Amino acid sequence: MKPSLQAKLEQLAFRLEEIDGLLADERATADRARYRKLNQEHAEITPVVAHYRAWQQVQADLATATALLADPDMKAFAQEEVAAAHQRLVDLDQQLQLLLLPRDPNDERNLFLEIRAGTGGNESALFAGDLLRMYSRYAERRRWKVEIVSESAGEVGGYKEVICRVVGQGAYSKLKFESGGHRVQRVPETETQGRVHTSACTVAVMPEADEAGEIDINPADLRIDTYRASGAGGQHINKTDSAVRITHLPSGLVVECQDDRSQHRNKAQALAVLAARLKDMQERAAHAKEASTRKSLIGTGDRSDRIRTYNFPQGRLTDHRINLTLYKLGQIMDGDLDELIAALTAEHQAELLAALSGEM
């Protein structure tokens, strides 16, 4: 282990003892916000320090076993103990590096998922519907909740655009690498000569902003229009101005919501989507600055990038960012995304580890 890494672990061990003392103080709960922050920090540091203590114990065991090598009667036993200790140290060192990786503060958040049809006309809209079903099935597998916020139906099915809210523990951590261009190659249902067409959709995954004003939106910067909802919903929804369109004047962002019969709830949903988009814009700007010094392989989230191809004739999915090809397209379109997401996460962690090694 590098001395700089060990020094950081010593600091964390000291900080854990400090937090234990602060939480044990009878006045600790007087400031509820501070108390929650201390508990959160305690939960984050505890596993790191536990692994570090285990590493220290193995170091001590190694020293004891090494000393026994001089004893002829104990040499064979000591050699086995030394080898086991060395392997255990390697494993603990890797685990500690992963635990020390910088955490994405958005990982535990809910998210807004936007899917927009791109090139390909009706086929693109149909594929947008297929992507929504794929993510919805994945959410079902994880017992997450999916709420449609806004939708614009395609002429023959699917969606020209659909926005939904995904609610569940760690939702953003799992789906944050999905932002970008998704290309599909297949024979459309309307194709009479059996030719393969190429269409595309864009996907944007945005963490939900905190309700406690994480994104400050000045009411003076908003133009709010109400209008009568269109499409399905019965007679009532078409007789009242329940649909809401919010324009954020400084950025030009426009958000519409008409999914609910209540104008108040539509406005609240539209404001939540707007806050997520503004938060997304801020984070993209910050990532762009970071990219000038270190280009990120995963997670740049550039929506113009073609990140993935779904080839139906070959039953193949290819993620171009990590050169991963899986011949299980049917299962993937049915929501079986675990292998794909695990590969993207592992690649991202490898990149973070390389950066951490350079800093240590």
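Before reading on, note that the structure itself is shown above.
Calculation criteria
- Residues numbered from 1 in each chain as written.
- Predicted model: local features only at pLDDT ≥ 70, side-chain atom pairs only at ≥ 80, totals over all residues.
- Heavy atoms only, no water.
- Pairing = 2+ DSSP bridges.
- Helix = DSSP H or I, 4+ residues; strand = E, 2+ residues; numbered from the N terminus.
- Axes fitted to C-alpha atoms, helices over the stretch in contact; angles between N-to-C directions.
- Expected span 1.5 Å × (residues − 1).
- Buried < 20%, exposed > 50% of the residue type's maximum accessible area, 1.4 Å probe, protein only.
- Parallel < 35°, antiparallel > 145°, perpendicular 65-115°, else oblique.
- Left-handed = near helix turned anticlockwise from the far one by under 90°.
- Nonpolar A, V, L, I, M, F, W, Y, C, P; charged D, E, K, R; others polar.
- Phe/Tyr/Trp six-rings, centres within 6.5 Å; stacked < 30°, edge-to-face > 60°.
- Lys NZ or Arg CZ within 6 Å of the ring centre and 35° of its normal.

> Honestly, the sheet that holds strand S8 (residues 253-257) in this entry has me stumped. Any pointers?
Sheet strands associate in pairs through backbone hydrogen bonding, adopting either a parallel or an antiparallel arrangement. Spatial strand order, S6-S7-S8: three strands in an open sheet with antiparallel pairing. In this open sheet, the two edge strands, each paired with only one partner strand, are strand S6 (222-227) and S8. Across this sheet, the average inter-strand angle for adjacent strands is 15°, counted without regard to direction. Judged from the five bridges that link them, strand S7 (residues 243-248) and S8 form a sheet pairing that is antiparallel. Following the sheet pairing, Arg245 is matched in S8 by Glu256.

> Quick question: what am I supposed to make of helix H3 (residues 75-99) here?
The α-helix advances 3.6 residues per turn, and as a result positions three or four apart in sequence lie on the same side. Taking 1.5 Å per residue, 25 residues should reach 36 Å; H3 reaches 36 Å between its end C-alpha atoms and fits that length. Listed as buried for H3 are Ala78, Val82, Ala85, Leu89, Leu92, Asp93, Leu96 and Gln97.

> Just to check I follow, could you spell out the packing of helix H1 (residues 3-24) against helix H2 (residues 32-68) for this structure?
Relative orientation and spacing of two packed helices are given, respectively, by the angle between their axes and the distance between those axes. Interaxial distance between H1 and H2 falls to 8 Å at its minimum, and their mutual angle equals 135°. Classified by the interaxial angle, the pair formed by H1 and H2 is oblique. Regarding H1 and H2, the two cross each other, and that crossing is left-handed. Of the residues in the contact of H1 with H2, the class split is 14 nonpolar, five polar and seven charged.

> Explanation requested: the packing of aromatic side chains in the structure shown.
For any pair of aromatic rings, the description consists of the separation of the ring centres together with the inter-plane angle of the planes. For the coordinates displayed, the defined rule picks out three aromatic pairs. When the centroid spacing of 6.1 Å and the interplanar angle of 15° are considered together, the rings of Tyr52 and Trp55 count as stacked. You can see Tyr52 and its partner Trp55 sitting in helix H2, three residues apart, about one turn around the helix. This pair shows no difference in class: Tyr52 is buried, exactly as Trp55 is. Residues Phe127 and Tyr310 carry aromatic rings whose centres are separated by 5.2 Å and whose planes lie at 70° to one another, so their mutual orientation is edge-to-face. One end of the pair, Phe127, is in helix H4 (residues 121-141); the other, Tyr310, is in strand S9 (residues 306-311), with 183 residues separating them in the sequence. Accessibility assignment for this pair places Phe127 and Tyr310 in one class, buried. Positioned above the aromatic ring of Phe312 is the side chain of Arg186, whose terminal nitrogen or guanidinium carbon lies 5.0 Å from the ring centre. The ring of Tyr227 has Arg245 sitting right over it, with the charged end atom 4.6 Å from the ring centre.

> What is the right way to look at the sheet that holds strand S5 (residues 197-207) in this model?
Ordered by their spatial adjacency, eight strands build an open sheet running S2-S3-S1-S5-S4-S9-S10-S11, and the pairing between neighbours is mixed. Strands at the two margins of the open sheet, each flanked by one partner only, are strand S2 (145-153) and strand S11 (324-326). Here the average twist between neighbouring strands, direction ignored, is 15°. Bridge analysis of strand S1 (residues 111-117) against S5 gives seven bridges, and the strand direction is antiparallel.

In short, shape yes, function no, at least from these values alone.
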